Amino acid sequence: MLPSKLFTTLFTAGLMASSVAAMAGLLTDSKGMTLYIYDKDVDGKSTCYDKCVAVWPPYLGNVSDPMTEGWTLVDRTDGTKQWAYDGKPTYYFTGDKKVGDKACDGSQGVWHVVNE
């Protein structure tokens, strides 16, 4: 069961119905999976492609999705749209297997959980 602090702002992201939630100050998707930012992303543009995406997949969205404060969509080179929080593209980490996992936080000194 998720903590009572959990709140949800509904919108559709990518090909699945999703939402963003805050759990203990961390932003997660609707399933409670942690979202990350990458320090090497500059000016709201993702630099995570190829092998990087295999480990840190982007959190995708659509232009028709309603946006809440702080959230925008950024263009990826493959034509998809990626959710960005405070101008920073957001990602998942494939090593996170369950709600609350944040195994990638601080990884390589450039991956960080998205804090609310």
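Look up: the structure comes first, before these words.
This section reports on the structure supplied with the text. It should be emphasised that the depicted structure is a prediction, and the values quoted were computed from it without experimental measurement.

This next bit is on the environment of Lys98. Its place among the elements puts Lys98 in the loop between β8 (88–89) and β9 (111–113). Considering only alpha carbons, one finds Lys98 and Lys31, 67 residues apart in sequence, at a separation of 9.0 Å.

Moving on, we come to the state of the cysteines. Applying the stated criterion across every chain yields a total of one disulfide. Left unpaired, Cys104 is separated from the closest cysteine sulfur, that of Cys52, by 9.2 Å.

Relative to the assigned elements, Lys40 resides in the loop between β4 (36–38) and α1 (51–55). Along the chain, Lys40 and Val110 lie 70 residues apart, while their C-alpha atoms are 7.0 Å from each other.

Following the criterion strictly, the structure yields two salt bridges and no others. Asp75 is the partner of Lys81 in a salt bridge, and the nearest nitrogen-oxygen pair spans 2.2 Å. Of the residues examined, Asp75 reaches a relative accessible area of 52% and is grouped as exposed. A salt bridge links Lys98 to Asp101, with the shortest nitrogen-to-oxygen separation between them at 3.0 Å. Judged by relative accessible area, which is 54%, Lys98 ranks as exposed. For Asp101, a relative accessible area of 16% translates into the label buried.

Evaluated as defined, the whole model comprises 10 aromatic pairs. Where Trp71 meets Trp83, the ring centres are 6.1 Å apart and the plane angle is 85 degrees; that geometry is what we call edge-to-face. Of this pair, Trp71 sits in strand β6 (residues 71–75) while Trp83 is found in strand β7 (residues 81–85), placing the two residues 12 residues apart along the sequence. Accessibility expressed as a relative area gives 6% for Trp71, which makes it buried. With a centroid separation of 5.0 Å and 50 degrees between ring planes, the pair formed by Trp71 and Tyr85 is classed as tilted. Here the residue Trp71 occupies a position in strand β6, and Tyr85 occupies one in strand β7, the gap between them amounting to 14 residues. Through successive ring pairs, a cluster of aromatic residues spans Tyr36, Tyr38, Trp56, Tyr91, Phe93 and Trp111.

The next thing to look at is the nonpolar core. Most often, soluble globular proteins have nonpolar side chains that are buried together. Listed in full, the 12 residues of the largest apolar core are Leu26, Tyr36, Tyr38, Cys48, Cys52, Trp56, Tyr91, Phe93, Cys104, Val110, Trp111 and Val113. For this core, the secondary structure elements donating two or more residues are β4 and β9. Residues within four places of Cys104 in sequence aside, it is in contact with Tyr36, Trp56, Phe93, Asp96 and Trp111. Ranked by size, the runner-up nonpolar core spans 10 residues in total, among them Leu27, Trp71, Trp83 and Tyr92.

Definitions and limits used
- Residues numbered from 1 in each chain as written.
- Predicted model: local features only at pLDDT ≥ 70, side-chain atom pairs only at ≥ 80, totals over all residues.
- Heavy atoms only, no water.
- Helix = DSSP H or I, 4+ residues; strand = E, 2+ residues; numbered from the N terminus.
- Disulfide = S-S within 2.5 Å.
- Salt bridge = Lys/Arg side-chain N within 4 Å of Asp/Glu carboxyl O.
- Buried < 20%, exposed > 50% of the residue type's maximum accessible area, 1.4 Å probe, protein only.
- Phe/Tyr/Trp six-rings, centres within 6.5 Å; stacked < 30°, edge-to-face > 60°.
- Core = buried A, V, L, I, M, F, W, Y, C linked by side-chain atoms within 4.5 Å.
- Contact = heavy atoms within 4.5 Å.

On their own, these measurements won't tell you what the molecule is for.
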